[in-house]
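Structural overview for review
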Amino acid sequence: MNTNDKNIPAVVDFDLQDEKGRSLVEIRHLDGGEVNVEGQGQQLDSRSISQFNHWLGLVPSSASAAAGHSKQLMTCSFEYSKLIQAKDGSGAIGAVYKEGSNQFGAQARFQEAKNLQSVVNTSLIMNIASQVLAQKHLADINERLEAIERQVKGLQEHLERSRFAKIETFQEHLRRVGNLLEQGEDVSPSTFQILGQKAQDVRAEVIHLRHDLEDAHKQVRDFDSSSWFGSNDLRHALQEKINRINHLQREYLLGMQCLLMANLILFIKHDGNKEFLLAGNQYLDELKNEQGLLHQWKATKRRVAMHLSKMKPVFELAKSTQANAQMVESTVQKVQALIEQDAEQFCQLQQRLEDAQIPRVLLEVEGGVVVRGCYLS
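Residues numbered from 1 in each chain as written. Predicted model: local features only at pLDDT ≥ 70, side-chain atom pairs only at ≥ 80, totals over all residues. Heavy atoms only, no water.

Things to note about the packing of aromatic side chains
Scanning all chains against the criterion turns up one aromatic pair. Geometrically, the ring pair formed by Tyr97 and Phe104 is stacked, given 5.9 Å between the ring centres and 20° between the ring planes. Using a relative accessible area of 39% as the deciding quantity, one classes Tyr97 as partly exposed. (Phe/Tyr/Trp six-rings, centres within 6.5 Å; stacked < 30°, edge-to-face > 60°. Buried < 20%, exposed > 50% of the residue type's maximum accessible area, 1.4 Å probe, protein only.)

Quick look at the structure:
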(Lines give C-alpha, C1' and ligand atoms only; values in the text may rest on other atoms or scores of the structure.)
Protein backbone atom coordinates (compact mmCIF):
# COMPACT_ATOMS: atom_id res chain seq x y z
CA MET A 1 0.00 0.00 0.00
CA ASN A 2 1.23 3.47 -0.84
CA THR A 3 -0.46 6.38 0.87
CA ASN A 4 0.12 9.89 2.13
CA ASP A 5 -2.63 9.54 4.75
CA LYS A 6 -1.06 10.53 8.06
CA ASN A 7 -3.79 8.76 10.02
CA ILE A 8 -2.52 5.37 8.83
CA PRO A 9 0.73 4.26 10.50
CA ALA A 10 3.30 3.65 7.80
CA VAL A 11 6.94 4.13 6.95
CA VAL A 12 7.77 7.32 5.05
CA ASP A 13 9.44 6.26 1.79
CA PHE A 14 9.58 9.58 0.03
CA ASP A 15 9.15 13.18 1.15
CA LEU A 16 9.60 15.85 -1.50
CA GLN A 17 10.01 19.35 -0.08
CA ASP A 18 10.38 22.82 -1.51
CA GLU A 19 13.28 25.18 -0.90
CA LYS A 20 11.71 26.29 2.42
CA GLY A 21 11.44 22.77 3.78
CA ARG A 22 7.67 22.51 3.29
CA SER A 23 6.46 19.05 2.37
CA LEU A 24 4.98 18.96 -1.13
CA VAL A 25 4.47 15.22 -1.62
CA GLU A 26 4.85 12.46 0.94
CA ILE A 27 4.55 8.75 0.17
CA ARG A 28 4.17 6.14 2.91
CA HIS A 29 3.76 2.40 2.57
CA LEU A 30 2.18 -0.50 4.42
CA ASP A 31 3.53 -4.01 3.84
CA GLY A 32 0.99 -6.79 4.06
CA GLY A 33 -1.51 -4.66 5.91
CA GLU A 34 -5.23 -5.13 5.47
CA VAL A 35 -6.70 -1.85 4.35
CA ASN A 36 -10.24 -1.67 3.04
CA VAL A 37 -9.78 0.58 0.04
CA GLU A 38 -13.43 0.27 -0.98
CA GLY A 39 -14.60 1.58 2.37
CA GLN A 40 -12.29 4.59 2.52
CA GLY A 41 -13.78 7.10 0.10
CA GLN A 42 -14.43 7.95 -3.54
CA GLN A 43 -12.92 5.25 -5.74
CA LEU A 44 -10.40 5.96 -8.49
CA ASP A 45 -11.66 5.21 -11.99
CA SER A 46 -9.53 3.41 -14.59
CA ARG A 47 -8.38 6.67 -16.17
CA SER A 48 -7.21 8.03 -12.82
CA ILE A 49 -5.37 4.79 -12.03
CA SER A 50 -3.58 5.00 -15.38
CA GLN A 51 -2.64 8.60 -14.69
CA PHE A 52 -1.33 7.72 -11.23
CA ASN A 53 0.92 5.07 -12.71
CA HIS A 54 2.28 7.71 -15.07
CA TRP A 55 2.73 10.30 -12.30
CA LEU A 56 4.44 7.84 -9.96
CA GLY A 57 6.93 7.19 -12.73
CA LEU A 58 7.93 10.84 -12.37
CA VAL A 59 8.80 10.48 -8.68
CA PRO A 60 12.45 9.39 -9.19
CA SER A 61 13.17 12.41 -11.43
CA SER A 62 11.35 14.68 -9.02
CA ALA A 63 13.39 13.29 -6.14
CA SER A 64 16.59 13.89 -8.12
CA ALA A 65 15.48 17.43 -8.79
CA ALA A 66 14.79 17.95 -5.09
CA ALA A 67 18.24 16.68 -4.20
CA GLY A 68 19.64 18.80 -6.96
CA HIS A 69 18.44 21.94 -5.27
CA SER A 70 21.12 21.39 -2.64
CA LYS A 71 23.95 23.94 -2.80
CA GLN A 72 26.41 21.03 -2.79
CA LEU A 73 25.34 20.02 -6.30
CA MET A 74 26.90 22.08 -9.11
CA THR A 75 26.95 22.17 -12.87
CA CYS A 76 30.43 21.82 -14.40
CA SER A 77 31.80 23.10 -17.71
CA PHE A 78 33.59 19.73 -18.31
CA GLU A 79 32.45 16.15 -18.32
CA TYR A 80 33.30 14.41 -15.05
CA SER A 81 35.52 11.82 -16.81
CA LYS A 82 37.82 14.59 -18.10
CA LEU A 83 38.55 16.01 -14.66
CA ILE A 84 41.76 15.04 -12.85
CA GLN A 85 41.01 12.38 -10.27
CA ALA A 86 42.15 12.95 -6.70
CA LYS A 87 44.95 10.63 -5.55
CA ASP A 88 43.00 9.50 -2.48
CA GLY A 89 40.11 8.38 -4.70
CA SER A 90 37.61 10.71 -3.03
CA GLY A 91 36.55 12.38 -6.30
CA ALA A 92 37.86 14.75 -8.93
CA ILE A 93 39.56 18.13 -8.74
CA GLY A 94 38.64 21.09 -10.88
CA ALA A 95 41.39 20.82 -13.45
CA VAL A 96 41.91 19.13 -16.83
CA TYR A 97 45.19 17.86 -18.38
CA LYS A 98 46.24 18.87 -21.84
CA GLU A 99 45.62 16.05 -24.24
CA GLY A 100 48.62 13.66 -24.31
CA SER A 101 50.50 15.36 -21.43
CA ASN A 102 50.55 15.80 -17.66
CA GLN A 103 50.27 19.55 -17.83
CA PHE A 104 47.20 21.45 -16.73
CA GLY A 105 45.26 22.56 -19.77
CA ALA A 106 42.16 24.14 -18.22
CA GLN A 107 40.31 24.80 -15.03
CA ALA A 108 36.76 23.57 -14.68
CA ARG A 109 34.08 26.18 -14.04
CA PHE A 110 31.35 25.35 -11.54
CA GLN A 111 27.96 26.99 -11.04
CA GLU A 112 25.20 26.36 -8.51
CA ALA A 113 22.32 24.38 -9.99
CA LYS A 114 19.74 27.03 -9.14
CA ASN A 115 17.56 26.23 -12.12
CA LEU A 116 16.62 22.88 -10.55
CA GLN A 117 14.27 24.65 -8.14
CA SER A 118 11.90 25.40 -11.01
CA VAL A 119 12.21 21.78 -12.13
CA VAL A 120 10.98 20.62 -8.71
CA ASN A 121 8.03 22.96 -8.65
CA THR A 122 7.01 22.32 -12.26
CA SER A 123 7.43 18.56 -12.16
CA LEU A 124 5.65 18.20 -8.86
CA ILE A 125 2.88 20.74 -8.99
CA MET A 126 1.92 20.40 -12.65
CA ASN A 127 2.30 16.64 -13.00
CA ILE A 128 1.22 15.31 -9.61
CA ALA A 129 -0.38 17.55 -7.01
CA SER A 130 -2.62 19.76 -9.12
CA GLN A 131 -3.74 16.82 -11.25
CA VAL A 132 -4.66 14.79 -8.18
CA LEU A 133 -6.68 17.75 -6.95
CA ALA A 134 -8.48 18.18 -10.25
CA GLN A 135 -9.41 14.50 -10.59
CA LYS A 136 -10.74 14.37 -7.04
CA HIS A 137 -12.99 17.38 -7.35
CA LEU A 138 -14.21 17.17 -10.96
CA ALA A 139 -17.26 15.04 -10.21
CA ASP A 140 -18.08 17.12 -7.15
CA ILE A 141 -17.69 20.36 -9.10
CA ASN A 142 -20.27 19.30 -11.68
CA GLU A 143 -22.60 17.90 -9.03
CA ARG A 144 -22.51 21.24 -7.20
CA LEU A 145 -22.98 23.18 -10.42
CA GLU A 146 -26.12 21.16 -11.17
CA ALA A 147 -27.50 22.05 -7.74
CA ILE A 148 -26.73 25.73 -8.35
CA GLU A 149 -28.44 25.53 -11.74
CA ARG A 150 -31.59 24.19 -10.09
CA GLN A 151 -31.49 27.09 -7.65
CA VAL A 152 -31.18 29.59 -10.51
CA LYS A 153 -34.27 28.14 -12.18
CA GLY A 154 -36.18 28.11 -8.90
CA LEU A 155 -35.39 31.74 -8.13
CA GLN A 156 -35.82 33.11 -11.64
CA GLU A 157 -39.28 34.56 -10.96
CA HIS A 158 -38.09 36.51 -7.92
CA LEU A 159 -34.67 37.76 -8.95
CA GLU A 160 -34.34 41.31 -10.18
CA ARG A 161 -33.69 41.13 -13.91
CA SER A 162 -30.39 43.02 -14.05
CA ARG A 163 -28.93 41.12 -11.12
CA PHE A 164 -30.28 37.79 -12.29
CA ALA A 165 -28.72 38.22 -15.73
CA LYS A 166 -25.23 38.54 -14.25
CA ILE A 167 -25.62 35.61 -11.87
CA GLU A 168 -27.18 33.44 -14.61
CA THR A 169 -24.39 34.29 -17.07
CA PHE A 170 -21.78 33.51 -14.42
CA GLN A 171 -23.43 30.19 -13.61
CA GLU A 172 -23.55 29.25 -17.31
CA HIS A 173 -19.84 30.05 -17.68
CA LEU A 174 -19.06 27.91 -14.63
CA ARG A 175 -21.08 25.07 -16.17
CA ARG A 176 -19.14 25.22 -19.43
CA VAL A 177 -15.80 25.19 -17.62
CA GLY A 178 -16.99 22.30 -15.44
CA ASN A 179 -17.97 20.27 -18.51
CA LEU A 180 -14.58 20.91 -20.13
CA LEU A 181 -12.76 19.80 -16.98
CA GLU A 182 -14.91 16.69 -16.66
CA GLN A 183 -14.13 15.68 -20.24
CA GLY A 184 -10.40 16.21 -19.68
CA GLU A 185 -10.24 18.96 -22.28
CA ASP A 186 -7.63 21.70 -22.18
CA VAL A 187 -9.04 24.98 -20.89
CA SER A 188 -7.34 28.10 -22.23
CA PRO A 189 -5.87 30.67 -19.84
CA SER A 190 -8.24 33.28 -21.30
CA THR A 191 -11.20 31.19 -20.12
CA PHE A 192 -9.93 31.28 -16.55
CA GLN A 193 -9.22 34.99 -16.91
CA ILE A 194 -12.82 35.59 -17.98
CA LEU A 195 -13.98 33.44 -15.08
CA GLY A 196 -12.05 35.64 -12.66
CA GLN A 197 -13.47 38.82 -14.22
CA LYS A 198 -17.03 37.54 -14.03
CA ALA A 199 -16.44 36.57 -10.41
CA GLN A 200 -15.57 40.19 -9.62
CA ASP A 201 -18.80 41.36 -11.28
CA VAL A 202 -20.90 38.89 -9.30
CA ARG A 203 -19.08 39.84 -6.10
CA ALA A 204 -20.19 43.44 -6.62
CA GLU A 205 -23.79 42.25 -7.03
CA VAL A 206 -23.54 40.16 -3.88
CA ILE A 207 -22.36 43.19 -1.90
CA HIS A 208 -25.33 45.14 -3.26
CA LEU A 209 -27.62 42.29 -2.19
CA ARG A 210 -26.20 42.46 1.31
CA HIS A 211 -27.20 46.11 1.59
CA ASP A 212 -30.71 45.31 0.27
CA LEU A 213 -30.99 42.61 2.93
CA GLU A 214 -30.14 45.08 5.68
CA ASP A 215 -32.98 47.32 4.49
CA ALA A 216 -35.39 44.36 4.32
CA HIS A 217 -34.57 43.34 7.89
CA LYS A 218 -35.04 46.91 9.04
CA GLN A 219 -38.54 46.93 7.55
CA VAL A 220 -39.43 43.94 9.72
CA ARG A 221 -37.93 45.59 12.79
CA ASP A 222 -39.98 48.73 12.18
CA PHE A 223 -43.20 46.85 11.44
CA ASP A 224 -46.27 48.08 13.33
CA SER A 225 -48.28 45.07 14.51
CA SER A 226 -51.03 47.06 16.22
CA SER A 227 -54.56 46.95 14.80
CA TRP A 228 -58.08 47.52 16.04
CA PHE A 229 -60.21 45.65 13.55
CA GLY A 230 -58.37 42.56 12.32
CA SER A 231 -55.09 40.76 11.71
CA ASN A 232 -55.56 39.65 8.07
CA ASP A 233 -53.84 42.73 6.67
CA LEU A 234 -51.11 42.50 9.29
CA ARG A 235 -50.47 38.86 8.44
CA HIS A 236 -50.35 39.60 4.69
CA ALA A 237 -47.99 42.59 5.10
CA LEU A 238 -45.67 40.70 7.45
CA GLN A 239 -45.56 37.67 5.15
CA GLU A 240 -44.61 39.88 2.21
CA LYS A 241 -41.69 41.33 4.16
CA ILE A 242 -40.52 37.87 5.25
CA ASN A 243 -40.77 36.56 1.68
CA ARG A 244 -38.76 39.55 0.48
CA ILE A 245 -36.02 38.63 2.96
CA ASN A 246 -36.19 35.02 1.80
CA HIS A 247 -35.71 35.91 -1.87
CA LEU A 248 -32.81 38.23 -1.11
CA GLN A 249 -31.15 35.65 1.16
CA ARG A 250 -31.40 32.92 -1.43
CA GLU A 251 -30.13 35.20 -4.15
CA TYR A 252 -27.22 36.25 -1.92
CA LEU A 253 -26.30 32.65 -1.08
CA LEU A 254 -26.65 31.62 -4.73
CA GLY A 255 -24.17 34.31 -5.75
CA MET A 256 -21.81 33.30 -2.94
CA GLN A 257 -21.97 29.64 -3.96
CA CYS A 258 -21.08 30.57 -7.53
CA LEU A 259 -18.13 32.56 -6.22
CA LEU A 260 -16.93 29.59 -4.15
CA MET A 261 -17.23 27.30 -7.17
CA ALA A 262 -15.12 29.73 -9.19
CA ASN A 263 -12.56 29.86 -6.36
CA LEU A 264 -12.37 26.07 -6.21
CA ILE A 265 -11.82 25.77 -9.97
CA LEU A 266 -9.24 28.58 -10.02
CA PHE A 267 -7.49 27.17 -6.93
CA ILE A 268 -7.12 23.81 -8.67
CA LYS A 269 -6.02 25.17 -12.02
CA HIS A 270 -3.61 27.75 -10.56
CA ASP A 271 -1.61 25.19 -8.57
CA GLY A 272 -3.14 25.92 -5.17
CA ASN A 273 -2.88 29.72 -5.20
CA LYS A 274 -3.70 30.86 -1.65
CA GLU A 275 -5.53 33.93 -2.96
CA PHE A 276 -8.62 31.84 -3.72
CA LEU A 277 -8.53 30.10 -0.36
CA LEU A 278 -8.32 33.43 1.47
CA ALA A 279 -11.26 34.76 -0.54
CA GLY A 280 -13.32 31.69 0.40
CA ASN A 281 -12.50 32.16 4.09
CA GLN A 282 -13.54 35.80 3.81
CA TYR A 283 -16.90 34.80 2.32
CA LEU A 284 -17.48 32.28 5.09
CA ASP A 285 -16.68 34.87 7.76
CA GLU A 286 -19.01 37.31 6.04
CA LEU A 287 -21.80 34.75 6.30
CA LYS A 288 -21.26 33.85 9.94
CA ASN A 289 -20.07 37.03 11.66
CA GLU A 290 -22.29 39.11 13.93
CA GLN A 291 -23.40 41.35 11.05
CA GLY A 292 -23.74 38.42 8.65
CA LEU A 293 -26.78 36.87 7.03
CA LEU A 294 -27.28 34.08 9.57
CA HIS A 295 -27.24 36.36 12.62
CA GLN A 296 -29.47 38.90 10.89
CA TRP A 297 -32.04 36.22 10.16
CA LYS A 298 -32.00 34.98 13.76
CA ALA A 299 -32.62 38.51 14.99
CA THR A 300 -35.49 38.93 12.52
CA LYS A 301 -37.11 35.69 13.67
CA ARG A 302 -37.08 36.97 17.23
CA ARG A 303 -38.57 40.28 16.09
CA VAL A 304 -41.35 38.47 14.16
CA ALA A 305 -42.20 36.45 17.27
CA MET A 306 -42.43 39.70 19.23
CA HIS A 307 -44.73 41.24 16.61
CA LEU A 308 -47.01 38.21 16.75
CA SER A 309 -47.20 38.39 20.53
CA LYS A 310 -48.38 42.00 20.24
CA MET A 311 -50.82 41.32 17.42
CA LYS A 312 -54.10 41.43 19.38
CA PRO A 313 -56.85 43.35 17.55
CA VAL A 314 -59.70 44.44 19.83
CA PHE A 315 -62.55 43.66 17.43
CA GLU A 316 -61.47 40.18 16.34
CA LEU A 317 -61.91 36.69 17.74
CA ALA A 318 -58.81 35.32 19.43
CA LYS A 319 -58.87 32.17 17.27
CA SER A 320 -58.75 34.29 14.08
CA THR A 321 -55.72 36.21 15.37
CA GLN A 322 -54.09 32.93 16.37
CA ALA A 323 -54.72 31.42 12.93
CA ASN A 324 -53.04 34.38 11.21
CA ALA A 325 -50.12 34.16 13.63
CA GLN A 326 -49.70 30.46 12.80
CA MET A 327 -49.65 31.26 9.08
CA VAL A 328 -46.85 33.77 9.64
CA GLU A 329 -44.96 31.22 11.78
CA SER A 330 -45.34 28.66 8.99
CA THR A 331 -43.80 31.14 6.54
CA VAL A 332 -40.88 31.69 8.93
CA GLN A 333 -40.33 27.92 9.23
CA LYS A 334 -40.20 27.51 5.45
CA VAL A 335 -37.66 30.32 5.16
CA GLN A 336 -35.63 28.73 7.97
CA ALA A 337 -35.52 25.39 6.15
CA LEU A 338 -34.36 27.05 2.92
CA ILE A 339 -31.65 29.13 4.53
CA GLU A 340 -30.33 26.08 6.40
CA GLN A 341 -30.19 24.14 3.13
CA ASP A 342 -28.44 26.91 1.20
CA ALA A 343 -26.03 27.76 4.04
CA GLU A 344 -25.09 24.08 4.45
CA GLN A 345 -24.22 23.80 0.76
CA PHE A 346 -22.22 27.02 1.03
CA CYS A 347 -20.20 25.62 3.96
CA GLN A 348 -19.67 22.32 2.13
CA LEU A 349 -18.22 24.17 -0.84
CA GLN A 350 -15.85 26.09 1.39
CA GLN A 351 -14.81 22.82 3.06
CA ARG A 352 -14.01 21.43 -0.39
CA LEU A 353 -11.70 24.37 -0.89
CA GLU A 354 -10.03 23.67 2.47
CA ASP A 355 -9.65 19.95 1.67
CA ALA A 356 -8.15 20.78 -1.72
CA GLN A 357 -5.04 22.16 0.02
CA ILE A 358 -3.78 18.71 1.03
CA PRO A 359 -5.06 15.93 -1.26
CA ARG A 360 -4.65 12.47 0.25
CA VAL A 361 -4.80 9.28 -1.77
CA LEU A 362 -4.70 5.63 -0.74
CA LEU A 363 -3.28 3.37 -3.46
CA GLU A 364 -2.96 -0.40 -3.68
CA VAL A 365 0.23 -1.26 -5.58
CA GLU A 366 1.11 -4.69 -6.95
CA GLY A 367 4.39 -5.24 -8.75
CA GLY A 368 5.06 -1.52 -8.82
CA VAL A 369 1.76 -0.79 -10.56
CA VAL A 370 -1.32 0.86 -9.07
CA VAL A 371 -4.26 -1.55 -9.29
CA ARG A 372 -6.89 0.39 -7.35
CA GLY A 373 -7.23 3.24 -4.92
CA CYS A 374 -9.42 5.93 -3.43
CA TYR A 375 -9.34 9.56 -2.42
CA LEU A 376 -9.22 10.18 1.33
CA SER A 377 -9.83 13.94 1.04
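Resuming the write-up.
Brief notes about the packing of helix H7 (residues 274-288) against helix H9 (residues 318-355)
Between H7 and H9, the shortest axis-to-axis distance is 10 Å and the interhelical angle comes to 150°. Between H7 and H9, the angle falls in the class roughly antiparallel. Judged by the twist between their axes, the crossing of H7 over H9 is left-handed. Between H7, through Phe276, Leu277, Gly280, Asn281, Tyr283, Leu284, Leu287 and Lys288, and H9, the contact on the second element is made entirely by Phe346, Cys347, Gln350, Leu353 and Glu354. The class makeup of the residues in the contact of H7 with H9 is eight nonpolar, three polar and two charged. (Axes fitted to C-alpha atoms, helices over the stretch in contact; angles between N-to-C directions. Helix = DSSP H or I, 4+ residues; strand = E, 2+ residues; numbered from the N terminus. Parallel < 35°, antiparallel > 145°, perpendicular 65-115°, else oblique. Left-handed = near helix turned anticlockwise from the far one by under 90°. Contact = heavy atoms within 4.5 Å. Nonpolar A, V, L, I, M, F, W, Y, C, P; charged D, E, K, R; others polar.)

Topic: the confidence of the model for the protein
Per-residue pLDDT for the protein averages 75, and the proportion of residues at 70 or more is 69%. Of all secondary-structure elements in the protein, the lowest mean pLDDT belongs to strand E1 (residues 2-3), at 38, while helix H8 (residues 293-310) reaches the highest, 94. Taken as a whole, residues 1-9 scores under 50 in pLDDT and shows 35 contacts with residues more than four places along the chain or in a different chain. Confidence drops under pLDDT 50 across residues 61-72; counting only partners more than four residues distant or on other chains, this segment forms 15 contacts. (pLDDT = per-residue confidence, 0-100.)

A closer look at the nonpolar core
Core analysis: the biggest nonpolar cluster contains 54 residues, and Phe170, Leu174, Leu195, Ile242, Tyr252, Leu259 and Val304 have the highest contact counts within it. Contributions of two or more residues to this core are made by helix H4 (161-182), helix H5 (189-221), helix H6 (232-269), H7, H8 and H9. It is H6 that contributes the most residues to this core, 19 residues altogether. Non-local contacts of Tyr252, meaning those with residues more than four positions away in its chain, are made with Val206, Leu209, Arg210, Leu213, Glu286, Leu287 and Leu293. Of all hydrophobic cores here, the second largest spans seven residues; its members include Phe52, Val361, Leu363 and Tyr375. (Core = buried A, V, L, I, M, F, W, Y, C linked by side-chain atoms within 4.5 Å.)

Regarding H6
Because an α-helix completes one turn every 3.6 residues, residues spaced three or four positions apart along the sequence face the same direction. Compared with an ideal rise of 1.5 Å per residue, which puts 38 residues at 56 Å, H6 spans 55 Å between its outermost C-alpha atoms and is within 8% of the ideal. Among the 38 residues in H6, 28 count as buried, and that is most of the element. (Expected span 1.5 Å × (residues − 1).)

Quick word on the side chain of Asn263
With respect to the helices, strands and loops of the structure, Asn263 is situated in helix H6. When residues no more than four places from it in sequence are discounted, the contact partners of Asn263 are Phe276, Ala279, Gly280, Tyr283 and Leu353.

Notes on the environment of Gln257
With respect to the helices and strands, the residue Gln257 is situated in helix H6. Considering only alpha carbons, one finds Gln257 and Leu349, 92 residues apart in sequence, at a separation of 7.3 Å. Looking at Gln257, its side chain comes within polar contact range of the side chain of Gln345, at 2.9 Å. (Polar contact = N/O pair within 3.5 Å; in protein donor to acceptor, adjacent residues only side chain to side chain.)

Observations concerning the pattern of salt bridges
Applying the stated criterion across every chain yields a total of five salt bridges. The salt bridge partner of Lys218 is Asp222, with a shortest N-O separation of 2.7 Å. Look at Lys218 and you get partly exposed, because its relative accessible area is 42%. With its nearest N and O atoms 2.9 Å apart, the salt bridge here joins Arg250 to Asp342. (Salt bridge = Lys/Arg side-chain N within 4 Å of Asp/Glu carboxyl O.)

Structural notes on the environment of Ser226
Of note, Ser226 is situated in the loop between H5 and H6. Considering only alpha carbons, one finds Ser226 and Val314, 88 residues apart in sequence, at a separation of 9.8 Å. In this structure the side chain of Ser226 is engaged in a polar contact, spanning 2.7 Å, whose partner is the side chain of Asp224.

Comments concerning the environment of Gln351
By secondary structure assignment, the location of Gln351 is in helix H9. Taking the C-alpha atoms as reference, Gln351 lies 9.4 Å from Gly280; in sequence the two are 71 residues apart.

Some remarks on a nonpolar patch on the surface
Judged by side-chain polarity, Trp228, Phe229, Val314 and Phe315 come together as a nonpolar surface patch covering roughly 530 Å² of accessible area. Residue placement: Val314 occurs in the loop between H8 and H9. (Patch = residues over 30% accessible without salt bridge, like charges linked within 9 Å, V, L, I, M, F, W, Y side chains within 5 Å. Areas by Shrake-Rupley, 256 points an atom, 1.4 Å probe, with all protein chains shown as cover.)

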